[in-house]
Every structure is written in C-alpha cells, then in structure tokens.
Amino acid sequence: MTLTVLNPATEEPIAELEQAGVEEADAAVSRAKEAYPAWRAVAPADRARLLRRLAVLVEEHGEELAGIESRNVGKPISGARGEVGMVSQVFHFYAGAIDKHYGDTIPVAGGVAATFREPLGVVGLIVPWNFPLNIASWKLGPALACGNTVVLKPAELTPLSATRLADLVLEAGIPEGVVNVLVGKGSVVGQRLVEHPDVAKIGFTGSTEVGRLVMQGAAGTIKRVTLELGGKSANVVFSDADLEKAAASAPYAVFDNAGQDCCARSRILVERSAYDRFLGLLVEATKGVKVGDPADESTEMGPLISAAHREQVASFVEDDPLYRGDVPAGAGFWYPCTLVEATNDDRIAREEVFGPVAAVIPFEDEADAIRIANDTPYGLSGSIWTRDGARALRVSRALETGVLSINANTSVRVQTPFGGFKQSGFGRELGMQALDGYSEVKSVFVATEG
Ligand code: NDP
C-alpha cells in the first residue's frame, strides 16, 4: 500500500512511499539477525570510527536533513537545524563512549569475578513524529555503539528523515543489514516488532497509551523495553525569581515545536503573591512568539502535524481563554498560542495536550507548589524559577520527575540521562546511562585457587 506524506504547513503531498507489512517486518528482522554476529565482532575502536563518519556525514548533509524535517513536521527551519546538529553530536558522543563502557573486576572468595557488557542482538526502535530524526539518533547511537543491529520504525506521518539517514549509514561504511528502516503502520509493523521472537529489545518513544501496548506485547517473549512516554510537566515560578526572565522563557518551554514536545512545561505554576504581575509579563511574552512559514528564518512556531491532531488539541480549549494568538490564513494545520487560567483538577491540567496550550495555575507556598507539581500521573520534565539556591535544590529533590532545569527552560543534553518517572516511562536515553539499556551485564568467575 502507498503512503502519502504531507507538508503540514501547506497540506500538500511531498512524497509517496511503499508501506511495509508484516512480511517486510519479518524480512527486516532477518536481515538484522544475519548482520548481528559480524557487527558485534567489529572491534569497538572500528565501530567508533564508523559512527564518527556517520556523525560527520550528518553534519555535511545538515541543511538537507533540516529541510526534510522542516517540510515533513512543519518545524521552523532554525529549530530543525539545531535538532540535526544534536543528531550529529549524539553519534559523536557514542563513538567516543564505545570503548569507555567498562566492566568491573570484583574480588570474591576463591578467585575473581569480571563483568562484561554484551550486546542484546536485534533491537526494534519505534519513534514518534514530533522529533523524528533526533529521537531516532538517541536510540541508534547507543544501540549501534554496544554492537546491536537495529530495525528502526519511524512514525507513518514522518518517515522521510529516517529513510535518508539509512543512505548515510551505508555511505559511512556501516555494513548492510546493521540498520534497517521499516516504513509502516505502528499497529501492524510496530506491533510485529514488539512480538517478534528474534527481537531482543524495544526502544520506544511515544504516547503512554501505546507504551502500555508495547509492554503487554513484549511480555510474551520477556523482551527488554525502554519507554519514553508522555508528560505534563510543571514550570514552577516562585515570587523571588527573576520574573521577567521566567516569563520571557515560559512561552518557549511550551510552544517550542508547536507544543508537540513530551518535555513541554505545559502547567505554569505561579506563586500567588506574584501571580498578577507574572500573568501580565507572560501574556506580553506570548504575543512575541512568531508563528508562520517554517521555511522563514525568523519563524519560531509552525503548524501542528495533522488535521486530526489539531482537532484533538482544540478539544481542550473553551471559548474564552486568557490569551489566544493569531495564525496564518489559508492552508496548514495551524493552531494559535493559547494561555488558559486553570486549576490542577481541570482536564487541561491533567491530560497531555501536545499542542501550543498552557495552563496557568496559582500556588500558595513551597509545599503547595510541590503538591500540585507532583499531582499528575506523569513525571518527565519541569523547571523551577527562584533566586534561593537552597530552595531550588530542595524542590528539585521533591519533584517526581526524571529531568529538571533550574532558572532555564530546557534540560536536554547529549551528555546527561533523559527519561521519566511514573507513567512517563522507564529506562534512560542519552548520556552514558543509555548504554546500559542496550547491553546486558555478564558476570564471569575465574578460579584462582587450586
Ligand atoms: P504514538 O504512541 O501514537 O506513536 C509512537 C510510535 O509508535 C509511532 O511510530 C507509531 O506508529 C507506533 N505505534 C503505534 N501503535 C503501535 C503499536 N500498537 N505497537 C507498536 N508501535 C505502535 O505517539 P505519537 O507518534 O502520536 O507521538 C506523540 C506522543 O509521543 C506524545 O504522547 C508524546 O508525549 C510522546 N513523546 C514522548 C517523548 C519522550 O521522550 N518521553 C518524546 C516525544 C514524544 P505510527 O504513527 O506509524 O502508527
């Protein structure tokens, strides 16, 4: 069956691809299985050299890849360039990490035990449409570094950067069969990967709902899973913070990628004593977000991914929000920057909107802020704004979330672990920790006494 890929800013088709079915999924797993023994036997320094070449090729094709991502996802081109830059950094990082992922030697009675890090085999990587190439690289980098072979399934809506990356993988000299890209429906080929007996692990990023299905499907073969799921993160603003700075950054913490960001700080919690002043500053800052043509260098926010998703986002917003911005006229799945005053019990504060909509919620004091921030099934990200260093640390320890930034609106770095608490998932991507998710620890005892 043919898949038509759209540009969400124009609603025009930009590509047609053949969709894989179960048979093609099985064939991709077979190719990965065949390539595995030779790839795991490649010396770590040689694997590093190949990954480094891939990193350089991504850099060299940066403008092309950013263009693909911008057209297929509707991302502003400046942001797409930054994301492709991170993809290259990820491959450089794991190229450098391969030969530093040591085991231990452990003194035990009668001899010595040593631990080895072994690859898992064939791993299935299932990624969403919001950061297609970026999230794929977070999984590919550590998976390949550890000596696994992979089947990568991009989201149906955004397969174009993954298929182009597959060409660059071969150009880098990574052998045929090590990376296999499978374009098809999640409910068909994704599910097949999850249940396939020859797939040792699923690295999944997507909704909590599908994450549940992945866990269930993986149970049949006791597959390893890493789940990076949804979020409903809090941006906690204390009255002693630099309010101007916090308000200037808050819109970008929600409206970046048109709010289609699992890390979106979509609940803005503001201490009551600073509430009115902060609200004024926040509305002014939100008015400044430049929405429009993703190809324009100065654009800060593009459209949503699809008409269906826009309808879902709109269902969260009632007639009279605190603020609603403007969108371009004509074609495109546009949705305006929107601010809503809410309580933490409202639907808008409990469910992931995944669009440019922020709920603003007052709190009374530090204990109340912690209570509200943690009153969610999710636990992915968040920010704390205060000039009190002790409070910043106290609150950051108390928040049930995997990733936090203090006096800043982002916390994702190639070198640091990323992942969720609670229903935002488990396992960590990025940093040295991601290598643990793509390897098994083997313990070997060596007798030294006769
Ligand atoms: P989905 O969960 O719908 O899809 C994610 C991926 O899973 C897609 O490739 C999809 O394929 C595939 N899939 C769908 N059904 C199945 C199935 N039954 N078995 C196996 N795979 C399946 O998420 P979205 O693509 O809609 O992405 C948005 C969600 O992702 C948001 O909830 C967001 O919070 C979350 N997300 C989390 C991140 C994190 O790191 N925590 C980062 C980015 C997003 P297809 O689309 O082709 O059908």
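Analysis parameters
Here the residue numbers are simple positions, counted from 1 along each chain's written sequence. Side-chain atom pairs in this predicted model are given and counted only at pLDDT of 80 or more, local residue features only at pLDDT of at least 70, and totals for whole chains, interfaces and linings cover all residues. Hydrogens and water are ignored here; the side-chain numbers use all heavy atoms of the structure. In DSSP terms, a helix is any run of H or I states spanning at least four residues, a strand is any run of E spanning at least two, and both are numbered starting from the N terminus. The globule rule is 2.2 Å times the number of residues to the power 0.38, and the radius of gyration it is compared with is taken over C-alpha atoms. Relative accessibility thresholds used throughout: buried, under 20% of the residue-type maximum; exposed, over 50%; partly exposed, between the two (1.4 Å probe, protein chains only). What makes two residues a contact is simply this: any of their non-hydrogen atoms within 4.5 Å. Residue exposure ignores everything except the shown protein chains as possible cover, and the areas themselves are Shrake-Rupley values with a 1.4 Å probe. When charges are tallied, Lys and Arg are placed among the positive residues and Asp and Glu among the negative ones, while His and the ends of the chain are skipped. To locate a charge, the coordinates of NZ of Lys, CZ of Arg, CG of Asp or CD of Glu are taken. Here, patches come from residues exposed beyond 30% relative accessible area and free of salt bridges, joined within 9 Å for like charges and within 5 Å for nonpolar side chains (Val, Leu, Ile, Met, Phe, Trp, Tyr). One speaks of a salt bridge when a side-chain nitrogen belonging to Lys or Arg is within 4 Å of a carboxyl oxygen belonging to Asp or Glu. By this rule, a helix spans an expected 1.5 Å times one less than how many residues it contains. Bend angle per residue: angle between axes fitted to the 7 residues ending at that residue and the 7 residues starting there. Polar contact is the term for a pair of N or O atoms within 3.5 Å; when the atoms are in protein, one must be able to donate a hydrogen and the other to accept it, and sequence-neighboring residues count only if both atoms are side-chain atoms. We call a residue near a molecule or strand when any one of its heavy atoms sits within 4 Å of it. We call Asp, Glu, Lys and Arg charged. Ala, Val, Leu, Ile, Met, Phe, Trp, Tyr, Cys and Pro are nonpolar, and the rest, Gly among them, are polar. Buried Ala, Val, Leu, Ile, Met, Phe, Trp, Tyr and Cys residues form a nonpolar core when they are joined through side-chain atoms within 4.5 Å. Only protein atoms enter the 1 Å grid used here, on which a cavity is any set of points holding a 1.4 Å probe that cannot leave and a pocket is any open set flanked by protein within 12 Å on both sides along at least five of seven lines; residues with an atom within 4 Å of a point are listed as lining. Grid points are joined across faces, edges and corners, and a volume is the space filled by probe spheres set on the points. For two strands to pair, DSSP has to find at least two bridges joining them. Angles shown run from 0 to 180 degrees and are taken between the N-to-C directions of axes, each axis being a line fitted to C-alpha atoms and, for helices, limited to the stretch in contact. Our angle categories are set so that under 35 degrees counts as roughly parallel, over 145 as roughly antiparallel, 65 to 115 as roughly perpendicular, and the remainder as oblique.

So, the overall build of the protein
- Each helix and strand counted, the protein has 15 helices and 18 strands in total.
- Its C-alpha atoms give the protein a radius of gyration of 23 Å, near enough to 22 Å, the size a compact globule of 450 residues would have.
- Across the 450 residues in the protein, those meeting the buried criterion constitute 58%.
- At a minimum sequence separation of 6, the contacts of the protein that also span at least 24 residues come to 73%.
- Carbon and sulfur atoms make up 53% of the accessible area of the protein, which amounts to about 18300 Å² in all.
- Distance between charge centroids for the protein: 5 Å, based on 42 positive and 59 negative side chains.

Here we look at a nonpolar patch on the surface
- A surface patch of nonpolar side chains, amounting to about 240 Å² of accessible area, comprises I106, V108 and F445.
- Residue classification places F445 among the partly exposed positions, given a relative accessible area of 47%.

Focus: helix α9 (residues 243-255)
- For α9, with 13 residues, the first-to-last C-alpha span of 19 Å sits near the 18 Å given by 1.5 Å per residue.
- Its axis deflected by about 25° at S249, α9 carries its strongest bend there, up to four residues before the proline P251.
- Taken together, the buried positions of α9 are occupied by L243, A246, A247, S249, A250, P251, A253, V254 and F255.
- Note on α9: the residue one or two positions beyond its end, N257, has a positive phi of about 55°.

Digging into the side chain of R164
- Take R164: it is sitting in helix α6 (residues 160-171).
- A polar contact of 3.1 Å, which involves the side chain of R164, links it to the side chain of D167.
- Residues contacting R164, with those up to four places away along its chain left out, are H61, E64, L65 and I68.

Description of the site of the ligand
- Near the ligand you find 29 residues, and of these V127, E156, S207, L229 and E352 are the closest.
- Note that an oxygen atom of the ligand is positioned 2.7 Å from one of the backbone N or O atoms of E156.
- Relative to its unbound accessible area of 900 Å², the ligand is 88% covered by the protein chains.
- Those elements giving two or more residues to the shell around the ligand turn out to be α7 (186-195), β8 (201-205) and α8 (208-219).
- In terms of residues, the shell around the ligand owes the most to one element, α7, which gives 4 residues.
- A class-by-class count of the residues in the shell around the ligand yields 15 nonpolar, 10 polar and 4 charged.

Overview of the nonpolar core
- Grouped together as the largest cluster of nonpolar side chains are 57 residues, with contacts concentrated most on L51, L54, V58, F91, Y94 and L140.
- When residues in this core are grouped by element, the largest group, 11 residues, is from helix α4 (residues 77-97).
- A234, A246, V395 and L399 belong to the second-largest nonpolar core, a separate cluster that totals 53 residues.

Structural notes on empty space enclosed by the protein
- Under the defined criterion, the tally for this structure stands at 4 cavities of 30 Å³ or more.
- Approximately 90 Å³ is the volume found for the largest cavity.
- If you trace the largest cavity, you find 15 residues lining it, with R267, A373, S381, E400 and T401 closest to the centre.
- Partitioning the lining of the largest cavity into residue classes produces 5 nonpolar, 6 polar and 4 charged.
- Of the volumes computed, that of the second largest cavity is approximately 60 Å³.

Quick word on the layout of surface pockets
- Estimated volume of the largest pocket: approximately 1200 Å³.
- It is α8 that provides the largest number of residues to the lining of the largest pocket, a total of 8 residues.
- Tallied by class, the residues present in the lining of the largest pocket amount to 21 nonpolar, 16 polar and 8 charged.
- Each pocket or cavity is described by its volume, and for the second largest pocket that value is around 700 Å³.
- In terms of lining, the second largest pocket is formed by 33 residues, of which the most central are E83, F131, D256, D261 and T410.

Regarding the pattern of salt bridges
- One pass over the full model with this rule turns up 26 salt bridges.
- With a closest N to O distance of 2.5 Å, R277 and E244 form a salt bridge. With R277 in helix α10 (residues 275-287) and E244 in helix α9, this pair connects stretches of sequence that are 33 residues apart.
- Given a relative accessible area of 43%, E244 falls into the partly exposed group.

A word on the sheet that holds strand β4 (residues 111-119)
- The antiparallel open sheet is built from 3 strands, whose spatial order is β3-β4-β18. Edge positions in the open sheet fall to β3 (105-108) and β18 (439-447), since each of these has one partner strand only. Going from strand to strand, the sheet's axes swing by 30° on average, the running direction of each strand aside.
- Examined bridge by bridge, β4 and β18 share 9 bridges and lie antiparallel to one another. Bridge assignment links T115 to a residue of β18, and that residue is S443.

Some words on the packing of helix α3 (residues 62-73) against helix α5 (residues 132-145)
- As a packed pair, α3 and α5 sit with axes 9 Å apart at the nearest point and diverge in direction by 120°. Classified by the angle between their axes, α3 and α5 sit oblique to one another. Residue-level inspection shows L65, E69 and V73 of α3 in contact with α5, the latter providing P132, L133 and N134.
- Broken down by class, the residue content of the contact of α3 with α5 amounts to 4 nonpolar, 1 polar and 1 charged.

What is shown is where atoms sit, not what they do.
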